[in-house]
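Architecture at a glance
Below are the chains, spelled out letter by letter.
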Amino acid sequence: MSSQDLQVYLNGRFVPVDEAKVSVLDRGFLFGDGIYEVIPVYGGQPLRLDEHLRRLDQSLAAIKMKSPLGDKEWSAIFDRLISGTADQQIYLQVTRGAANKRDHSIPAEITPTVFVMCTPIAPIPLDGIKAITVSDIRWDRCNIKAITLLANILLRQEAVDQGAAEAILVRDGQVLEGAASNIMIVSGGKIITPPKGDTILPGITRDLVLDLAKNLGIPTEERHFDIAELKNADEIWVTSSTREILSVIELDGKFISGGIPGKTWKTLQSAYQDYKRALREAPSTRT
Ligand SMILES: Cc1ncc(COP(=O)(O)O)c(C=O)c1O
């Protein structure tokens, strides 16, 4: 599909992407004052839609906004934009809207800007990725899925500049998450991941992987770990909606799990693919 063929939703209208225009006074543009969500879609069915919409509500509440649309209205927009049954991703963004002047304080009367698009999911590297550890330079409200991603961009670029695919963020000695992913390690037969709180995004994939592990009878633990425990782990994974579960096979230039994806990753990867298959084959709930 060329970009001209892409239909998007903007403020109540479905238009070709090239015709979707936002005011330069939009606070998303001026301040990064907004929230986003990314929802993977398999066989035309959004994965864990309710969880994504609840996280959207939480992010909006955290920046003193309410969802401009109800669940049914969101679903109706998604249904219009999802095309065919190939794997795709919904990107939705709500900004506080355009004010009539640039001022940090939140205007009393302002209409949010709502944007949604649906695009293909890129292929996922199943043979594992390289990652580096970096010092976390983000703010203290990492649980909010804010569009203000400058720190994440710089951290991810640091990884890319070093030939790696992800940066693993460390703050006060604790390993937190990736620049655009959650982190899990396998150690002593357990899957360990940092607990939810202000220092990580509550990942939907993270929760799904923990649920799948519990169903498989693999022990899980939500607790902090340090960089030494990370480096000594049997396996390291990063999880996210569009890249699922990626096995980290090299960290800071040293092989992890012998430089190939580990056996627990293979088990979870297979369970994750089964989960996607079941979603693709489930009777459609779409209107
Ligand atoms: C900082 C951060 N942590 C974690 C995640 C994973 O979240 P999810 O599994 O909901 O995609 C993301 C996804 O973009 C992210 O940006």
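Residues numbered from 1 in each chain as written. Predicted model: local features only at pLDDT ≥ 70, side-chain atom pairs only at ≥ 80, totals over all residues.

What follows covers the nonpolar core. Of all hydrophobic cores here, the largest spans 39 residues; its most connected members are Ala-131, Ala-167, Val-209, Ile-236, Trp-237 and Val-248. Ranked by residues supplied to this core, first place goes to helix 5 (residues 204-215) with 6 residues. Once residues within four sequence positions are removed from consideration, Trp-237 is found in contact with Met-184, Ile-245, Leu-246, Ser-247, Val-248 and Trp-265. The next biggest cluster of nonpolar side chains, apart from the first, holds 21 residues, and it includes Val-8, Tyr-9, Ile-35 and Leu-60. (Core = buried A, V, L, I, M, F, W, Y, C linked by C-beta atoms within 7 Å. Buried ≥ 20, exposed ≤ 12 C-beta atoms within 10 Å, placed from the backbone. Helix = DSSP H or I, 4+ residues; strand = E, 2+ residues; numbered from the N terminus. Contact = placed C-beta atoms within 7 Å.)

The subject of this paragraph is the pairing of strand 5 (residues 88-95). The buried count for strand 5 comes to 6 of 8 residues, which makes it a mostly enclosed element. Two elements, strand 3 (residues 34-42) and strand 5, share 8 bridges in a ladder whose sense is antiparallel. Each bridged residue has a counterpart across the sheet, and for Gly-34 the counterpart in strand 5 is Thr-95. Bridging between strand 5 and strand 6 (residues 113-120) involves 8 bridges; their strand directions are antiparallel. Note that in strand 6 the partner of Leu-92 across the bridge is Val-116. (Pairing = 2+ DSSP bridges.)

Our next topic: the domain arrangement of the protein. According to the domain assignment, the protein consists of domain 1 (3-120) and domain 2 (129-276). Its C-alpha centre places domain 1 at a distance of 26 Å from the equivalent point of domain 2. Taken together, the contact pairs 19 residues of domain 1 with 13 residues of domain 2. For the side of domain 1 that touches domain 2, the secondary-structure elements that each account for two or more residues are strand 3, helix 2 (49-62) and strand 5. With 8 residues, strand 3 is the largest single contributor of residues to the side of domain 1 that touches domain 2. Considered class by class, the residues forming the side of domain 1 that touches domain 2 number 8 nonpolar, 7 polar and 4 charged. (Domains from an automatic or database assignment. Nonpolar A, V, L, I, M, F, W, Y, C, P; charged D, E, K, R; others polar.)

Take the site of the ligand next. Every one of the 13 residues lining the ligand counts as a neighbour, but Leu-201, Gly-203, Ile-204, Thr-205 and Ser-241 are closest to it. Elements supplying a minimum of two residues to the shell around the ligand: strand 10 (181-187), helix 5 and strand 13 (235-240). Broken down by element, the residue count for the shell around the ligand peaks at 3 residues, all from helix 5. Taken together, the residues that form the shell around the ligand break down as 4 nonpolar, 7 polar and 2 charged. (Near = placed C-beta within 6 Å.)

Right, let's get into the sheet that holds strand 4 (residues 45-46). Judged by pairing direction, the sheet is antiparallel, and its 6 strands sit side by side in the order 2-1-6-5-3-4 without closing on themselves. Edge strands, defined here as strands with exactly one partner in the open sheet, are strand 2 (13-16) and strand 4. Examined bridge by bridge, strand 3 and strand 4 share 2 bridges and lie antiparallel to one another. Bridged to Val-41 within strand 4 is Pro-46.

Between helix 5 and helix 7 (residues 263-281), whose axes approach to 10 Å, the crossing angle comes to 105°. Comparing the axis directions of helix 5 and helix 7 gives the class roughly perpendicular. Only Leu-268, Ala-271, Tyr-272 and Tyr-275 of helix 7 make contact with helix 5, whose side of the interface consists of Val-209, Leu-212 and Ala-213. Split into classes, the residues belonging to the contact of helix 5 with helix 7 amount to 7 nonpolar, no polar and no charged. (Axes fitted to C-alpha atoms, helices over the stretch in contact; angles between N-to-C directions. Parallel < 35°, antiparallel > 145°, perpendicular 65-115°, else oblique.)

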